[in-house]
Amino acid sequence: MLNWIRDRFRRPPTVPVVRLSGVIASSGGLLASRSLSIDSVAPLLKRAFDMRGSKAVALAINSPGGSPVQSALIAQRIRLHAAEKNLPVIAFVEDVAASGGYWLACAADEIIVDPSSIVGSIGVISASFGFQDLIARFGVERRVHTSGERKAMLDPFRPENPEDVERLKHLQAEIHDGFKDWVRQRRASRLKGDEAALFNGEFWTGKRGLELGLADGLGELRATLQARYGAKVRLPVIGPRRRLLSRFGLATGLDEIGPATLAAIEERLHWQRFGL
């Protein structure tokens, strides 16, 4: 009888779910209102790790990447909370965890993927356009005055300078080294592929990523957590609190239409790299 009463009123296990979906960008850019940054994610992580009775924290990741700095800051915050609360962190990859998205996934103790998820893209990319011939066609004269010979480096309205490109590649190599070190640190002996192939920027399906040691298992969030913590496990989703007007799809002003359109285009380019 006493056991029945205890079972009847025992609180079911809880695993808060933090949804990390979108391009990773600083809070001050065009994508600020729809991106992942330390400013937007930190409150969500705190709410998740502070939730009483939690058995673990789950990360639902769907990101094509973005800023390496913001990726590192968010990942470090995840590890800080995990150490403070002594809680395991499980990442569940949905469509894609590539580049910075995979950086976030590596902050977890375990990475679960769908067979058709996209994972990897452990590299650094910089993309721009060259407009010097276009402005010359319309008779537009470009006037730039700097103090510091490298200040106008990679100006898209000037012909590309090989020295500038070499300098950019050096910066990218330093960032890439940091990314590789993070993956080695978090995945350690679980990596099974040749590093030259793993770290060349290529990406794979979740099934292939599992074979390469980039993931730990195949599965879906709810089914996996129910199998581990019981059918009654609570899975509260921790998401940003939306503004009242945005809940009804109302813009806050006409001045946001232009930036919002540019942000949507920029975001679309990030996803299209992975066929999404």
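In this text, all values refer to a predicted model and were calculated from it rather than measured experimentally. (Residues numbered from 1 in each chain as written. Predicted model: local features only at pLDDT ≥ 70, side-chain atom pairs only at ≥ 80, totals over all residues. Heavy atoms only, no water.)

### Some words on the nonpolar core
Okay, so step 1: Ranked by internal contacts, the top residues of the largest apolar core, which has 46 residues, are Val18, Leu59, Tyr102 and Ile111.
Okay, so step 2: Secondary-structure elements contributing two or more residues to this core are strand 1 (17-21), helix 2 (38-50), strand 2 (57-63), helix 3 (68-85), strand 3 (89-98), helix 4 (100-105), strand 4 (110-113) and helix 6 (162-187).
Okay, so step 3: In terms of residues, this core owes the most to one element, helix 2, which gives seven residues.
Okay, so step 4: If sequence neighbours within four positions are ignored, Val18 has contacts with Leu44, Leu45, Ala48, Val57, Ala58, Leu59, Ala60 and Ile238.
Okay, so step 5: Counting residues in hydrophobic clusters, the runner-up holds 12 residues, among them Val15, Val17, Ala56 and Leu235. (Core = buried A, V, L, I, M, F, W, Y, C linked by side-chain atoms within 4.5 Å. Buried < 20%, exposed > 50% of the residue type's maximum accessible area, 1.4 Å probe, protein only. Helix = DSSP H or I, 4+ residues; strand = E, 2+ residues; numbered from the N terminus. Contact = heavy atoms within 4.5 Å.)

### Regarding helix 2
Okay, so step 1: In this model, helix 2 (13 residues) spans 17 Å end to end at C-alpha, consistent with the 18 Å of a helix rising 1.5 Å per residue.
Okay, so step 2: By the burial criterion, the buried members of helix 2 are Ile38, Val41, Ala42, Leu44, Leu45, Ala48 and Phe49.
Okay, so step 3: Tucked into the core, helix 2 has its buried residues touching strand 1, strand 2, helix 3, strand 3 and strand 8 (237-238). (Expected span 1.5 Å × (residues − 1).)

### A short note on the packing of helix 2 against helix 3
Okay, so step 1: In contact at an axis separation of 10 Å, helix 2 and helix 3 are set at 15 degrees when each is read in the N-to-C sense. By the angle class used here, helix 2 and helix 3 are roughly parallel. For helix 2 against helix 3, the interelement crossing comes out right-handed. Contacts between helix 2 and helix 3 involve Ile38, Val41, Ala42, Leu45, Lys46, Phe49 and Asp50 from the former and Gln70, Leu73, Ile74, Arg77, Ile78, His81, Ala82 and Lys85 from the latter.
Okay, so step 2: Here the contact of helix 2 with helix 3 is built from residues that sort into nine nonpolar, two polar and four charged. (Axes fitted to C-alpha atoms, helices over the stretch in contact; angles between N-to-C directions. Parallel < 35°, antiparallel > 145°, perpendicular 65-115°, else oblique. Left-handed = near helix turned anticlockwise from the far one by under 90°. Nonpolar A, V, L, I, M, F, W, Y, C, P; charged D, E, K, R; others polar.)

### A few points about unusual backbone geometry
Okay, so step 1: Its identity is not glycine, yet Asn86 carries a phi of approximately 55 degrees, on the positive side.
Okay, so step 2: By the secondary structure assignment, Asn86 is in the loop between helix 3 and strand 3.
Okay, so step 3: Here Ser99, not a glycine, exhibits a phi torsion of approximately 55 degrees, which is positive.
Okay, so step 4: Within the secondary structure, Ser99 sits in the loop between strand 3 and helix 4.
Okay, so step 5: Note on Ser99: relative accessible area 12%, which makes it buried.

### Some details on the environment of Asp216
Okay, so step 1: Residue placement: Asp216 occurs in the loop between helix 8 (206-211) and strand 7 (217-218).
Okay, so step 2: Judged by relative accessible area, Asp216 falls into the partly exposed class, the value being 28%.
Okay, so step 3: Taking the C-alpha atoms as reference, Asp216 lies 9.8 Å from Gly206; in sequence the two are 10 residues apart.
Okay, so step 4: At 2.9 Å, the side chain of Asp216 and the side chain of Arg187 are in polar contact.
Okay, so step 5: One polar contact links Asp216 to Arg190, side chain to side chain, over a distance of 3.3 Å. (Polar contact = N/O pair within 3.5 Å; in protein donor to acceptor, adjacent residues only side chain to side chain.)

These figures come from the coordinates and say nothing about function on their own.
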